[in-house]
Amino acid sequence: MALITLTTDFGIGSSYVAEVKGEILSIAPQVTIVDITHAVAPQSVMQGAIVLKQTTSVFPDGTIHVAVVDPGVGTKRSILLVYVNGQYFVGPDNGLLSLVVGAAAKIREVDRPEFWRPNISPTFHGRDIMGPVAAHLANGVSPSRLSSAFTKQPVALTLPQPTVENNAIDGEVVYIDSFGNLITNISTASVRQVTGPIRIEFKGRSVDFVSTYAEATRGATIALIGSSGWLEIAISSGNARETLKAETADPVRVVGG
Amino acid sequence: MALITLTTDFGIGSSYVAEVKGEILSIAPQVTIVDITHAVAPQSVMQGAIVLKQTTSVFPDGTIHVAVVDPGVGTKRSILLVYVNGQYFVGPDNGLLSLVVGAAAKIREVDRPEFWRPNISPTFHGRDIMGPVAAHLANGVSPSRLSSAFTKQPVALTLPQPTVENNAIDGEVVYIDSFGNLITNISTASVRQVTGPIRIEFKGRSVDFVSTYAEATRGATIALIGSSGWLEIAISSGNARETLKAETADPVRVVGG
Amino acid sequence: MALITLTTDFGIGSSYVAEVKGEILSIAPQVTIVDITHAVAPQSVMQGAIVLKQTTSVFPDGTIHVAVVDPGVGTKRSILLVYVNGQYFVGPDNGLLSLVVGAAAKIREVDRPEFWRPNISPTFHGRDIMGPVAAHLANGVSPSRLSSAFTKQPVALTLPQPTVENNAIDGEVVYIDSFGNLITNISTASVRQVTGPIRIEFKGRSVDFVSTYAEATRGATIALIGSSGWLEIAISSGNARETLKAETADPVRVVGG
C-alpha cells in the first residue's frame, strides 16, 4: 500500500487539490492519499517548511510527500526528488524541503517529461509534474528513471536560532498552530540546560511553565513543551494568537533561577 | 476493509490531524480513514458529543470512531474504548462519548502502553494513544488486550430535555450546522404528539412548519424536520444563525391548535 | 478500484459530508472517495457546475462524480445519472451537471428506491439517494438497474459567452478561485485570434499579459492563461478578489494591437 501526502498553500476547500489527486489516482489508483494541510499561508515557503518538519516524521517508511508552495512556478527553479530517513519528498527547490533535508539526504532533480502530464501548464506544476512523479514513484518506478543527479546546492532556509547565555535563552515564535498556540524555536533540550526555577517572559509578562493545558487556570497564559518537542506559549482554553496579538518573530525568553 | 473515523476540535486545515493519520497508517496501512469533522468548537465536549450522535450511525458495523475533544489531556482522566451497536469508539472519559453510549454499551479503559507511541506527549494523546489503539483494533487486536474493565461510572453529559405540556412543547436550540440551520432537541415523535394545526414560535415570531426548504419563499424563516429526525429552524436559501442572531440554548416552542 | 468524488455546498468542515461517506462505505467498503470541494457557495448551482467542468476531466475513466448543490431537494426535480466521456455523474436536474453534459452524454433518471436508504429524508438526498446510487454503481450494478430512460430535456445553464469583434474580446469573470484569482470566460483559443500586441483591460486599468505569476513584479495586477486554459486576472503574490474588489460578472476586455 503506497502512501502519498500533500502539503500546499492552495487554501482550504480548494478544488485545485482535487485536480492533483485526480492526476495521481489516474496513474496509481491503489495509492492512499493523506492531506497534511492546504492552509499554508499563500506563498509562505517558510511556513510550509516548518509544517513538513513537524509532521512528516510520524509517517511510515516509504511515504512520498508532495509539497507545493511554489511562487516560482513556471520559472527555471528546479523540482527536487529527495530521499531522506526512509521517506521521499517531491517539491520545488525554493527552501520548502530544506528543514527536512539533512546531510544524509539523496537529492535528485525531476527532469523526465515522459512521466509528466502531456501538456504542462506554466502555473500548475503540482498537478502536471509533481503529482505524476509521486504517482509513478508509488507504482515502483525508480528515482533514477524519474530524475537526474542534482549537482547544484539546493536553496536552504534557516530557522532563526535562539541564543543561550547567562542561564537564559532568547528565542522567538516561529509558527502558530490551528489553536492559536505559539510554537517557538526553543527545544526541550535547551530548556533543560537552564537551571533553577524556570520563568518564561513573553510580551512583558511572566508566564507559568506547566506540563499540560489542564494544569492552568482557565484563561491563564502558559508555556509548555508541545507535542513536537518545542516550547510553546498558549492560553488555557483560549487562543494565544488572538488574545495576545502575537505574531511569528515575537521574542520569547526563558530565564533560570 | 477496516474503517476509522476522526472527530476533533483541531480546527479545519490543522496538520495535527495528519499526525494522527500518519500514526494510524504506520500501524495499519490498509485502513480507510474518514474525517467526520475537525470543526468542533475548541474544547466544546457537548458539541463533539452531538456530532457523534448525529453522524456515526450511518457507518457500517465494525467502524472504529476516534473522538478527540480533550481539554483534560495529560491529566488523570481515563481514555475509554466503547463497543455499542456494532461500532467501536475511542475517546476521553469527559462526556464526549456519552450521547452514543447506552445501557447496552461495553465500556473499557485503555491502559496498555505497549500499544501506544513509545514517547507520550502530555498534550497530544490523539496521536500518541487513541490513534494507535484504534489502529491496533483495526488490525484485529482484541479489546481485551488493548484495555481493561472500567469499573467507574463514565462522565455523562445530558442534553437539555424539552417539556411537553398543554399541547405544546418547550425546547431549545442544541446545535447549529454548517448551513447555519438551528437544530433543536425536539424530536419528530414529540412533534407528532401535538394535535391540531402546528405553530412554531422562535425569537418572538411565528415560524411556518414545512416539509422541504424549497416549499418556502426565499428568505422566509421556516421550521422543518431535519435529516436526523429533529425539528430545526432555518431560513430558506439563507443562514438562520447569522440572520436571526441565534445561539445554542435559544428557546423554541411548538404549539398545537 | 472504484473511485467516487463529492462536490457539494455543505460547507468546509461539515459533518453532513461524513454522513454521505458513511452511507457510501456501508454499501461499497472498497471504494476510494475524493472530495472535490464542499466550499461551493450555498445554493450556487452555477458555481458548482463550473467547478465540475474545471476539475472532473483529470480523473480516470470510470470515476463516479456525486454533485449535491440542490436547493430543490424534496421537490419533484429529477435526479440524473449521466455517462459522458467515460465518467459517471449523479446529481439533481437543476443545471449542476449541464456544463459537463454534451451531445454525446447518456442521461438517465434515478428512480429505483430499492437501491436507496430505506427512509428518505426530504432534506438530504445526497445521503439517502445519490450516495447509495453511486455506491451501487461502484459495486458494478448497471445504470439500467439503477435508473430509467430520461425523456425530458435536462435543465441547462449557459455560461455567458464573450463577444469577439474588431480584434478585441469582451468577456467577464465567471469564477473566483481559492487564491482570489479571477477566472474569465475567455479561452486560450480566442485570445490567439487577437493579433498584434495584446493589452488586457480590467476595472479601468491596463493589465500586463504574462506567462507565469513569477514574471511579474510583486503586487502587480497581471493576466495570464490559467491551468484549465482560461484567461485569468491575478495579483502577483496577492489576492485579486480582495485587492481589486472584484466579483463574478465583472467585465474583462482583451484588445489587439
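Below or above, wherever it landed, is the structure these notes cover.

Conventions used here
- Residues numbered from 1 in each chain as written.
- Chains lettered and ligands numbered in written order.
- Predicted model: local features only at pLDDT ≥ 70, side-chain atom pairs only at ≥ 80, totals over all residues.
- Heavy atoms only, no water.
- Helix = DSSP H or I, 4+ residues; strand = E, 2+ residues; numbered from the N terminus.
- Buried < 20%, exposed > 50% of the residue type's maximum accessible area, 1.4 Å probe, protein only.
- Contact = heavy atoms within 4.5 Å.
- Areas by Shrake-Rupley, 256 points an atom, 1.4 Å probe, with all protein chains shown as cover.
- Lys, Arg positive; Asp, Glu negative; His and termini not counted.
- Charge placed at Lys NZ, Arg CZ, Asp CG, Glu CD.
- Salt bridge = Lys/Arg side-chain N within 4 Å of Asp/Glu carboxyl O.
- Pairing = 2+ DSSP bridges.
- Axes fitted to C-alpha atoms, helices over the stretch in contact; angles between N-to-C directions.
- Core = buried A, V, L, I, M, F, W, Y, C linked by side-chain atoms within 4.5 Å.
- Buried area = accessible area lost by both parts, 1.4 Å probe.
- Polar contact = N/O pair within 3.5 Å; in protein donor to acceptor, adjacent residues only side chain to side chain.
- Least-squares fit on C-alpha atoms with pLDDT ≥ 70 in both.
- Nonpolar A, V, L, I, M, F, W, Y, C, P; charged D, E, K, R; others polar.
- Phe/Tyr/Trp six-rings, centres within 6.5 Å; stacked < 30°, edge-to-face > 60°.
- Left-handed = near helix turned anticlockwise from the far one by under 90°.
- Patch = residues over 30% accessible without salt bridge, like charges linked within 9 Å, V, L, I, M, F, W, Y side chains within 5 Å.

### A word on the overall build of chain A
Alright, step 1. The number of helices and strands found in chain A is six helices and 15 strands.
Alright, step 2. In terms of overall dimensions, chain A has C-alpha extents of about 60 × 35 × 35 Å along its principal axes.
Alright, step 3. For chain A, the residues scored as buried account for 58% of the 257 residues in total.
Alright, step 4. Taking as baseline every contact in chain A between residues at least 6 positions apart, the subset at least 24 positions apart corresponds to 64%.
Alright, step 5. Of the roughly 10,300 Å² of accessible surface on chain A, a fraction of 49% belongs to carbon and sulfur atoms.
Alright, step 6. Chain A carries 19 positive and 22 negative side-chain charges, and their two centres are separated by 3 Å.

### Description of the pattern of salt bridges
Alright, step 1. In the structure shown here, the tally under the stated rule is 36 salt bridges over all chains.
Alright, step 2. A salt bridge links K21 of chain B to D35 of chain B; its shortest N-O distance comes to 3.0 Å. A residue pair is termed long-range when its members are at least 10 positions apart, and K21 of chain B in helix α1 (residues 15–27) and D35 of chain B in strand β2 (residues 32–37) qualify at 14 residues.
Alright, step 3. Residue classification places K21 of chain B among the buried positions, given a relative accessible area of 9%.
Alright, step 4. Exposure remark for D35 of chain B: the relative accessible area of 27% places this residue in the partly exposed category.
Alright, step 5. Members of the salt-bridge network, linked through shared partners, are E19, E23, R117, R127 and D128 of chain A.

### What to know about the sheet that holds strand β1 (residues 3–8) of chain A
Alright, step 1. Across the sheet, seven strands lie side by side as β2-β1-β3-β5-β4-β6-β7 (chain A); this open sheet has mixed pairing. Edge positions in the sheet fall to β2 (32–37) and β7 (147–149) of chain A, since each has one partner strand and no second. Pairwise comparison of adjacent strand axes, ignoring direction, gives a mean angle of 25 degrees for this sheet.
Alright, step 2. As paired elements, strand β4 (residues 79–84) of chain A and strand β5 (residues 87–92) of chain A share six bridges and run antiparallel to each other. If you follow L80 of chain A over to β5 of chain A, its bridge partner there is G91 of chain A.
Alright, step 3. Across the sheet, helix α1 (residues 15–27) of chain A lies against β1 and β2 of chain A, angled at about 155 degrees from β1 of chain A, the strand it touches most.
Alright, step 4. Helix-sheet contacts for α1 of chain B involve β1 and β2 of chain A, and the interaxial angle to β2 of chain A is about 150 degrees.

### Things to note about the nonpolar core
Alright, step 1. With 45 residues, the main nonpolar core has I4, F10, V31 and I64 of chain B as its most contacted residues.
Alright, step 2. Of the residues forming this core, the biggest block, seven residues, is contributed by helix α3 (residues 125–138) of chain B.

### Structural notes on the interface of chain C and chain B
Alright, step 1. At the interface, 28 residues of chain C touch 31 residues of chain B.
Alright, step 2. When chain C packs against chain B, close to 2,200 Å² is buried across both sides, 61% of that on carbon and sulfur atoms.
Alright, step 3. In this structure, the connection of chain C to chain B is made through zero salt bridges.
Alright, step 4. The interface formed by chain C and chain B holds six residue pairs in polar contact (both at pLDDT 80 or more) in total.
Alright, step 5. Top element by residues in the side of chain C that touches chain B is helix α1 (residues 15–27) of chain C. It accounts for nine residues.

### Brief notes about the relation of the copies chain B and chain A
Alright, step 1. Placing chain B over chain A gives an RMSD of 0.0 Å and needs a rotation angle of 120 degrees, together with 0.0 Å of translation along the axis. Both copies are brought into coincidence by an operation consistent with a three-fold rotation axis. Across chain B, the smallest distance between a C-alpha and the rotation axis is recorded for I12 of chain B, namely 4.4 Å.

### Quick look at the relation of the copies chain C and chain B
Alright, step 1. Rotating chain C by 120 degrees and translating it 0.0 Å along the rotation axis places it on chain B, where the RMSD comes to 0.0 Å.
Alright, step 2. The two copies present different faces, since only 4% of the interface residues in chain C are matched by interface residues at the equivalent positions in chain B.

### Overview of the interface of chain B and chain A
Alright, step 1. Chain B puts 28 residues into the contact, and the matching count from chain A is 31 residues.
Alright, step 2. Across the chain B/chain A interface, buried area totals approximately 2,200 Å², and carbon plus sulfur atoms make up 61% of it.
Alright, step 3. Summed over the shared surface of chain B and chain A, the number is six residue pairs in polar contact (both at pLDDT 80 or more).
Alright, step 4. Ranked by residues supplied to the side of chain B that touches chain A, first place goes to α1 of chain B with nine residues.
Alright, step 5. A breakdown of the residues in the side of chain B that touches chain A according to their chemical character gives ten nonpolar, twelve polar and six charged.

### Considering the packing of aromatic side chains
Alright, step 1. Under the criterion given, the structure shown has 18 aromatic pairs over all chains.
Alright, step 2. Within the aromatic cluster, the residues linked to one another by ring pairs are F10, Y16 and F124 of chain A together with F179 of chain C.

### What about unusual backbone geometry?
Alright, step 1. With phi around 60 degrees, N167 of chain A is a residue other than glycine that occupies positive phi space.
Alright, step 2. Residue placement: N167 of chain A occurs in the loop between β8 (163–165) and β9 (168–176).
Alright, step 3. Judged by relative accessible area, N167 of chain A falls into the partly exposed class, the value being 26%.
Alright, step 4. Its identity as a non-glycine residue notwithstanding, K203 of chain C has a phi of 55 degrees, on the positive side.

### Observations regarding the side chain of N94 of chain B
Residues and elements named next belong to chain B.
Alright, step 1. If you trace the backbone, N94 turns up in the loop between β5 (87–92) and β6 (106–110).
Alright, step 2. Polar side-chain contacts of N94 include one of 3.0 Å to the backbone nitrogen of L96.
Alright, step 3. In contact with N94, other than residues within four places in its own chain, are V45, V69, D70, P71 and V155.

### Things to note about the packing of α1 of chain C against helix α3 (residues 125–138) of chain C
All names here are of chain C.
Alright, step 1. It is the contact of α1 with α3, at a shortest axis distance of 8 Å, that shows an interaxial angle of 35 degrees. Handedness of the α1/α3 crossing: right-handed. Counting all contacts with α1, which are made through E19, V20, E23, I24 and I27, the residues of α3 involved are G126, R127, G131, P132, A135 and H136.
Alright, step 2. For the contact of α1 with α3, the class distribution of residues is five nonpolar, three polar and three charged.

### A closer look at the sheet that holds strand β3 (residues 64–68) of chain B
All names here are of chain B.
Alright, step 1. Taken together, seven strands build an open sheet; the order of strands is β2-β1-β3-β5-β4-β6-β7 and the sheet is mixed. Of all strands in the sheet, those bounded by a partner on one side alone are β2 and β7 (147–149). The mean inter-strand angle of the sheet, taken between neighbouring strand axes irrespective of direction, is 25 degrees.
Alright, step 2. In the sheet, β3 pairs with β5 via three bridges, with the strands oriented parallel. Opposite I64, over in β5, you have Y88 as the bridge partner.
Alright, step 3. Against the sheet, α1 engages β1 (3–8) and β2, with an angle of about 155 degrees to β1.
Alright, step 4. Against the sheet, α3 makes contact with β1, β3, β4 (79–84), β5 and β6, and its axis sits at roughly 175 degrees relative to β3, the strand it touches most.

### Structural notes on the pairing of strand β4 (residues 79–84) of chain C
Alright, step 1. The element β4 of chain C is largely enclosed, with a buried count of five among its six residues.
Alright, step 2. A loop of two residues connects β4 of chain C with strand β5 (residues 87–92) of chain C, the two strands running antiparallel in sequence, and N85 of chain C in this loop sits at a positive phi of about 50 degrees.

### Here we look at a nonpolar patch on the surface
Alright, step 1. On the surface, a nonpolar cluster with roughly 210 Å² of combined accessible area is contributed by I12 of chain A, I12 of chain B together with I12 of chain C.
Alright, step 2. With relative accessibility at 35%, the residue I12 of chain A sits in the partly exposed group.

### Regarding the side chain of H136 of chain B
Alright, step 1. With respect to the secondary-structure elements, H136 of chain B resides in helix α3.
Alright, step 2. Among residues more than four places away in sequence, those in contact with H136 of chain B are I27, F115, V141 and L146 of chain B.

### Brief notes about helix α2 (residues 45–55) of chain B
Alright, step 1. Among the eleven residues that make up α2 of chain B, eight are buried, leaving the element largely enclosed by the rest of the structure.
Alright, step 2. Looking at α2 of chain B, one finds that the buried residues are V45, G48, A49, I50, V51, L52, Q54 and T55 of chain B.

### Considering the environment of F10 of chain C
Alright, step 1. In this fold, F10 of chain C is placed in the loop between β1 (3–8) and α1.
Alright, step 2. Each C-alpha atom of the pair F10 of chain C and V68 of chain C lies 8.3 Å from the other, and the pair is 58 residues apart in sequence.
Alright, step 3. Every residue in contact with F10 of chain C, bar those within four places of it in the chain, is listed here: S178 and F179 of chain B together with Y16, V17, V20, H38, V68 and F124 of chain C.

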